[in-house]
Amino acid sequence: MDWFDLTALELGAKIQAGEVSAVDAARACLARIEEKELTVHAFVTVTPEAALARAEAVQKRIDSGELTHPLAGVPMAVKDLISTKGVRTTCASKMLENYVPVFDATVVQKLDAIGAVCLGKTNMDEFAMGSTTETSFFGPTKNPRNPEHVPGGSSGGSAAAVAADECFYALGSDTGGSIRQPSSYCGVVGMKPTYGTVSRYGLIAYGSSLDQIGPITKDVTDCATVLEAIASYDAKDSTSVKREPEDYKFTDALVEDVAGLKIGIPRTYFGEGIDEEVKEKVLAAAKVLESKGAIVEEFDLGLVDYAIPAYYIIASAEASSNLARFDGVKYGYRTVEYEGLHNMYKKSRSEGFGAEVKRRIMLGSFVLSSGYYDAYYIKALKTKALIKKEFDKAFEKYDVILGPAAPT
């Protein structure tokens, strides 16, 4: 049997049936990591001893009938900005190179409860700032489909690990495309859930009003199943949304029937700057859905040209605020030689952060400064509200908006 032809759910079913063990599955993935990592470099930290001990404990609970979740015993990985108790969480930065959290993020607790077996922490763009996984302090991740290409980012390590069969699913985080784009580049399934659906407690923040944790998997069914496992209201996250229990049954939506589904294709998404090959593939997908009974229409989505500038202003402003806590005092990197408190701040941050992070902190500090706050930040927030109205209007008419994950 080739382990890696299986989806996460297929492997989970074999573990439940006693055909394979969680320990053997973990060993197979660890061997795969050892084989692939010199080329792919999807992980920052691999925890073989902890993974095997966890797999053994999970297998005992499966054998006793205590654990029955379809993903119990299935090996997975976690992006390295999600807190894991006792396992270093670096954000792929020198600033947090040796930081070991004393608590688990809510999503990690929820996956622990279903019997997940975590193999380690995946590489990423430093503090999730980038779209290629090349800004990592620990070196770039390569695309396992073709090592000459980037895997996308910032969750490039998670997407590459799934694509390289180093694990059966992984968690990423998405601020402005950081799950969707690397999943597209690596040929796997990734989803940014609606804001507030998945708890952000234990996620080291980049842009607090935009960040969401989400699944990266081999197929859509795995994606829906992982999302069901991690989605819930969390009192520890003030942005978490209370929903009815039936609203979390995402796998119920996996039906073949798309007859009557209204799909809108924004003309702006297919204008200047998109590769012809990307355009063809997305429109081919639309044709498949149309042949199954969906109604496909082109339409004009207003204000979409302002989405990127508004995003960069808001995300950079929030990043400059969120990253102010890394000052060399309580935790994180501290410079060796300094003269006085302010010099220690300056040198610790200059040496601890990479170039891309510094750029975004400086941009964010600029747009939040007293002379430019109204001209940039407030204007960006107003633009964001107007863009949301345009999407609300579009969703009154269409069930789905279809577009490319990335233009190239």
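Quick note: structure is the one above.
A brief report on the enclosed structure follows.

Parameters at a glance
Residues numbered from 1 in each chain as written. Predicted model: local features only at pLDDT ≥ 70, side-chain atom pairs only at ≥ 80, totals over all residues. Heavy atoms only, no water. Phe/Tyr/Trp six-rings, centres within 6.5 Å; stacked < 30°, edge-to-face > 60°. Helix = DSSP H or I, 4+ residues; strand = E, 2+ residues; numbered from the N terminus. Buried < 20%, exposed > 50% of the residue type's maximum accessible area, 1.4 Å probe, protein only. Contact = heavy atoms within 4.5 Å. Salt bridge = Lys/Arg side-chain N within 4 Å of Asp/Glu carboxyl O. Pairing = 2+ DSSP bridges. Axes fitted to C-alpha atoms, helices over the stretch in contact; angles between N-to-C directions. Parallel < 35°, antiparallel > 145°, perpendicular 65-115°, else oblique. Nonpolar A, V, L, I, M, F, W, Y, C, P; charged D, E, K, R; others polar. Core = buried A, V, L, I, M, F, W, Y, C linked by side-chain atoms within 4.5 Å. Right-handed = clockwise from strand over helix to strand, strands pointing away. Left-handed = near helix turned anticlockwise from the far one by under 90°.

With that settled, consider the packing of aromatic side chains. Here the structure, examined in full by the defined rule, presents 14 aromatic pairs. Look at Phe103 and Tyr201: their rings are 5.4 Å apart centre to centre, the planes differ by 45°, and that puts the pair in the tilted class. Here Phe103, found in the loop between strand S2 (75-79) and helix H4 (106-114), pairs with Tyr201, found in the loop between strand S5 (189-190) and strand S6 (212-217); they are 98 residues apart in sequence, far enough to count as distant. Given the relative accessible area of 28%, Phe103 is considered partly exposed. A relative accessible area of 29% places Tyr201 in the partly exposed class. Taken together, a centroid distance of 6.0 Å and an interplanar angle of 75° make the contact between Phe326 and Tyr331 edge-to-face. Judged by relative accessible area, Tyr331 falls into the partly exposed class, the value being 34%.

Attention now goes to the side chain of Thr90. Tracing the backbone shows Thr90 in the loop between S2 and H4. Discounting chain neighbours no more than four positions away, the residues touching Thr90 are Val44, Asp80, Leu96, Glu97 and Phe138.

By the definition in use, this model includes 17 salt bridges. One salt bridge in this structure joins Lys121 and Asp80, with 3.3 Å as the shortest N-O distance. Pair noted here: Lys121 is in strand S3 (residues 117-122) and Asp80 is in the loop between S2 and H4, with a separation of 41 residues, a long-range link. Assigned by exposure class, Lys121 and Asp80 land together as buried. A network of salt bridges, in which partner residues are shared, links Arg32, Asp165 and Lys218.

Attention shifts here to the pairing of S6. Consecutive residues of a regular strand have side chains that alternate between opposite faces of the sheet. In terms of burial, S6 is largely enclosed, as six of its six residues are buried. As defined by bridge partners, strand S4 (residues 169-174) adjoins S6 across six bridges and the pair is classed as antiparallel. Bridge pairing in S6 places Gly172 opposite Gly214. Alignment of S5 against S6, held across two bridges, turns out to be antiparallel. What sits directly across from Gly190, in S6, is Ile216.

So, about the packing of helix H9 (residues 307-322) against helix H11 (residues 355-368). At a closest axis distance of 7 Å, the pairing of H9 and H11 adopts a crossing angle of 100°. In terms of orientation, H9 lies roughly perpendicular with respect to H11. Mapping the contact onto sequence places Tyr311, Tyr312, Ile313, Ser316, Ala317 and Ser320 in H9 and Arg360, Ile361, Leu363, Gly364, Ser365, Val367 and Leu368 in H11. Class assignment of the residues belonging to the contact of H9 with H11 gives a composition of eight nonpolar, four polar and one charged.

With that settled, the discussion passes to the sheet that holds S2. Within the open sheet, the six strands sit side by side as S1-S3-S2-S4-S6-S5. Their pairing is mixed. At either end of the open sheet lies a strand with only one pairing partner, and these are strand S1 (43-46) and S5.

Okay, the sheet that holds strand S7 (residues 262-266) next. Sheet architecture is open: three strands sit in the order S8-S7-S9, paired in parallel fashion. The two strands at the open ends of the sheet, each matched to only one other strand, are strand S8 (295-299) and strand S9 (400-401). In the sheet, S7 pairs with S9 via two bridges, with the strands oriented parallel. Directly across from Ile263, in S9, lies its bridge partner Val400.

Quick look at unusual backbone geometry now. Here the bond from Gly153 into Ser154 is cis, since omega is 5°, no more than 30 degrees from zero. Within the secondary structure layout, Ser154 lies in the loop between S3 and helix H5 (156-163). A positive phi angle, near 55°, is found at Ala92, a position not held by glycine. With respect to the helices and strands, Ala92 occurs in the loop between S2 and H4.

Of all hydrophobic cores here, the largest spans 89 residues; its most connected members are Leu11, Ile82, Val107, Leu111, Phe127, Tyr169 and Leu171. Residues Ile263, Phe270, Ile274 and Ala286 belong to the second largest nonpolar core, which totals 10 residues.

Of all five residues in S7, four are buried, a share of seventy percent or more. In this view, the connection linking S7 to its parallel neighbour S8 by way of helix H8 (residues 276-291) has right-handed handedness.

Two elements in contact, H9 and helix H12 (residues 373-397), have axes separated by 9 Å at closest approach and are oriented at 125°. By the angle class used here, H9 and H12 are oblique. Pair H9 / H12 crosses with left-handed handedness. On H12, the residues touching Ala307, Ala310, Ile313, Ile314, Ala317 and Glu318 of H9 are Tyr376, Tyr377, Ala380, Leu381, Thr383, Lys384 and Ile387.

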